[in-house]
Amino acid sequence: MIQKMKFKPLIVLAAVIVLVLFLISVFRDFLIKSAVEVASPNLIGAKIEIGDLSLGLMTHKIHIKNFRMYNPPGFPDQVFLAMPEVTLNVDVFQLMKGKMHFPLVVINMDKMIIFKNKEGKLNVDSIKIIQEQAAANKGKPMKLPVFKIDLLELNVGKVILEDYTHAPPVRVEAYDVNIKDQKIRNINGVPKLMAAVIVEAMKPTAIRSAGIFAAEAVLGVGFLPAVAIGVAIAQDDVNADLNYSRGRVYQESLKLVQDLGVVKKTDPAKGLIFAKVYGADITITVEDNGWYKSWIRIKARQFFLAKLEIANGLLYQLTERLK
């Protein structure tokens, strides 16, 4: 009896260790996800939310779904970057040494929303980690974990601009940048990753940021502004198929332009709306596609010039209202 009692604590300890290891294996992904979300405000200077994270030890891959980064302090508590999917190939041997080495990272970014506050300051210029890195390059380097990406493949859908410098309501413009498999090599550090993603997404738009584009020390190379391809000269309209009835789309479109500008003329029978929004002449056409579906076209011109970014911005706001 006494002999059995001597081994009982060891058995209990072994059972506890097995249970802990089991719980860690089960909740490993949850723990990693939580650690990233908790550490991000201090490291990056903005809140991060992750819908799902899975680590494949056999495949050496981290798969992230529904990654969202929010605005830095001083801006609306809204999403800044929305990435439905991020995949990272991990160098496990380097990871065991405390070094984060990713041979390949693929980012699928649905949208980036740029906010310009009343003072004209952009949220992209207020990201803590980029500001600190830029300042650190003038003195001592920042003490951050070793972080290296050999190849980044970037996909970006839309870039949205919400401009609060104008009198209410807020001016919203949208750009279909449609970046596919943009390859960026040799990214050393989280600041350079952040800056590279933001700059590449903004290049095809007419949006300019003195702060982010001047961060040569962060990027390692100077930024050469590209011709805005998000604003078409000849094309002045956008169109889309919507999974909503013609009546609802027409009414929501009418409410939208009423909130943002002045309605000049309507023709519900033909699905037409003529309005003035952000100083541009707007023409909206809504057609019935049957089975509670519809098609919409939004045209915008100002002083005989196409304003595709305004038309796209109206379509973006409309789809957000229809959700």
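Source: prediction; values computed, not measured. (Residues numbered from 1 in each chain as written. Predicted model: local features only at pLDDT ≥ 70, side-chain atom pairs only at ≥ 80, totals over all residues. Heavy atoms only, no water.)

**Student:** Got a minute to help me understand the pairing of strand β3 (residues 79–89) in this structure?
**Tutor:** Regular strands place side chains that alternate from one sheet face to the opposite one. Taking burial as the measure, the 11 residues of β3 include 8 buried ones, the bulk of the element. Two elements, strand β2 (residues 61–70) and β3, share 9 bridges in a ladder whose sense is antiparallel. From the neighbouring strand, Lys65 faces β3, where its bridge partner is Glu85. Pairing geometry for β3 and strand β4 (residues 100–116), over 7 bridges, is antiparallel. Across the sheet, the residue bridging to Thr87 is Val106, located in β4. (Buried < 20%, exposed > 50% of the residue type's maximum accessible area, 1.4 Å probe, protein only. Helix = DSSP H or I, 4+ residues; strand = E, 2+ residues; numbered from the N terminus. Pairing = 2+ DSSP bridges.)

**Student:** It is not clear to me how the environment of Asp237 should be interpreted in this structure. Could you clarify?
**Tutor:** Within the secondary structure, Asp237 is located in strand β7 (residues 237–242). Spatially, the C-alpha atoms of Asp237 and Arg297 are 6.6 Å apart, while their sequence positions differ by 60 residues. With residues near it in sequence (within four places) discarded, Asp237 still touches Arg297, Ile298, Lys299 and Leu308. (Contact = heavy atoms within 4.5 Å.)

**Student:** Before we go on, may I ask you to explain the packing of helix α7 (residues 246–260) against helix α8 (residues 308–322) in this structure?
**Tutor:** In helix packing, the relevant descriptors are the interaxial angle and the interaxial distance, both defined with respect to the helix axes. Relative to each other, α7 and α8 sit at 120°, their axes nearing to 10 Å. In this view, α7 runs oblique relative to α8, as classed from their interaxial angle. Crossing handedness for the pair α7 and α8: right-handed. For the pair α7 and α8, the contacting residues are Arg248, Val249, Glu252, Ser253, Lys255, Leu256, Asp259 and Leu260 in the first and Leu314, Gln317, Leu318, Arg321 and Leu322 in the second. Among the residues forming the contact of α7 with α8, the class breakdown is 6 nonpolar, 2 polar and 5 charged. (Axes fitted to C-alpha atoms, helices over the stretch in contact; angles between N-to-C directions. Parallel < 35°, antiparallel > 145°, perpendicular 65-115°, else oblique. Left-handed = near helix turned anticlockwise from the far one by under 90°. Nonpolar A, V, L, I, M, F, W, Y, C, P; charged D, E, K, R; others polar.)

**Student:** Is there a simple way to think about the sheet that holds strand β6 (residues 171–188) in this case?
**Tutor:** The pairing of strands in a sheet comes from backbone hydrogen bonds and takes either a parallel or an antiparallel form. With respect to topology, 6 strands assemble into an open sheet ordered β1-β2-β3-β4-β5-β6, the strand pairing being mixed. Single-partner strands in this sheet number two, and they are β1 (48–56) and β6. Neighbour to neighbour, the strand axes of the sheet diverge by 10° on average, direction disregarded. Most of the contacts of helix α4 (residues 190–202) go to β6, to which it runs at about 135°, and overall it touches β2, β3, β4, β5 (147–163) and β6.

**Student:** I keep staring at the pattern of salt bridges and nothing clicks. Help me out?
**Tutor:** Where side chains of opposite charge bring their charged atoms close, a pairing between them can arise. Summed over the entire model, instances satisfying the criterion amount to 12 salt bridges. A salt bridge links Asp77 to Lys47; its shortest N-O distance comes to 3.9 Å. Of this pair, Asp77 sits in the loop between β2 and β3 while Lys47 is found in the loop between α1 (2–43) and β1, placing the two residues 30 residues apart along the sequence. Overall, the relative accessible area of 35% leaves Lys47 in the partly exposed class. Residues Arg171 and Glu173 are paired through a salt bridge, measuring 2.9 Å at the closest nitrogen-oxygen approach. (Salt bridge = Lys/Arg side-chain N within 4 Å of Asp/Glu carboxyl O.)

**Student:** How do you make sense of the packing of aromatic side chains when you look at a structure like this?
**Tutor:** How two aromatic rings sit relative to each other is given by the distance of their centres and the angle of their planes. In the structure shown here, the tally under the stated rule is 1 aromatic pair. Stacked on the ring of Tyr70, the Lys or Arg Lys47 has its end atom at 4.3 Å from the ring centre. (Phe/Tyr/Trp six-rings, centres within 6.5 Å; stacked < 30°, edge-to-face > 60°. Lys NZ or Arg CZ within 6 Å of the ring centre and 35° of its normal.)

**Student:** Help me understand unusual backbone geometry in this model?
**Tutor:** Glycine aside, residues mostly have negative phi angles, and peptide bonds mostly take the trans form. Of note, the phi angle at Tyr278 is positive, near 55°, even though the residue is not glycine. As for its position among the elements, Tyr278 is in the loop between β9 (272–277) and β10 (280–290). On the basis of relative accessibility, which here comes to 13%, the residue Tyr278 falls in the buried class. Located in the positive-phi region is Trp291, a residue other than glycine, with phi close to 55°.

**Student:** What exactly am I supposed to notice about the side chain of Ser294 here?
**Tutor:** Tracing the chain through its elements places Ser294 in strand β11 (residues 293–302). Separated by 2.9 Å, the side chain of Ser294 and the backbone oxygen of Tyr244 make a polar contact. Beyond its immediate chain neighbours, meaning those up to four positions away, Ser294 contacts Ala240, Asp241, Leu242, Tyr244, Ser245, Arg246, Val249, Val286, Glu287 and Asn289. (Polar contact = N/O pair within 3.5 Å; in protein donor to acceptor, adjacent residues only side chain to side chain.)

**Student:** Looking at this structure, I do not really get the confidence of the model for the protein. What am I missing?
**Tutor:** Close inspection of predicted coordinates is inappropriate for parts of the model with low pLDDT. Averaged over all residues, the pLDDT of the protein equals 79, while 73% of them reach at least 70. Long-range and interchain partners of residues 21–27, a stretch whose pLDDT sits below 50, account for 1 contact in this model, where long-range means more than four residues apart. In this model, residues 221–234 is a region of pLDDT below 50 whose contacts with residues beyond four sequence positions or in other chains number 22 contacts. (pLDDT = per-residue confidence, 0-100.)

**Student:** Which parts of the structure should I look at to understand the environment of Ile113?
**Tutor:** Note on placement: Ile113 falls in strand β4. Taking relative accessible area as the criterion, Ile113 reaches 5% and is therefore assigned buried. Each C-alpha atom of the pair Ile113 and Lys158 lies 8.4 Å from the other, and the pair is 45 residues apart in sequence. Every residue in contact with Ile113, bar those within four places of it in the chain, is listed here: Val79, Phe80, Asn123, Ile160, Glu162 and Tyr316.

**Student:** Help me out: how do you make sense of the side chain of Glu162 in this one?
**Tutor:** Counting through the fold element by element, Glu162 comes out in strand β5. Of note is the side chain of Glu162, whose polar atom sits 3.1 Å from the side chain of Tyr164. Residues in contact with Glu162, not counting those within four places in the same chain, are Gln78, Ile113, Ile114, Phe115, Lys116, Val170, Arg171 and Val172.

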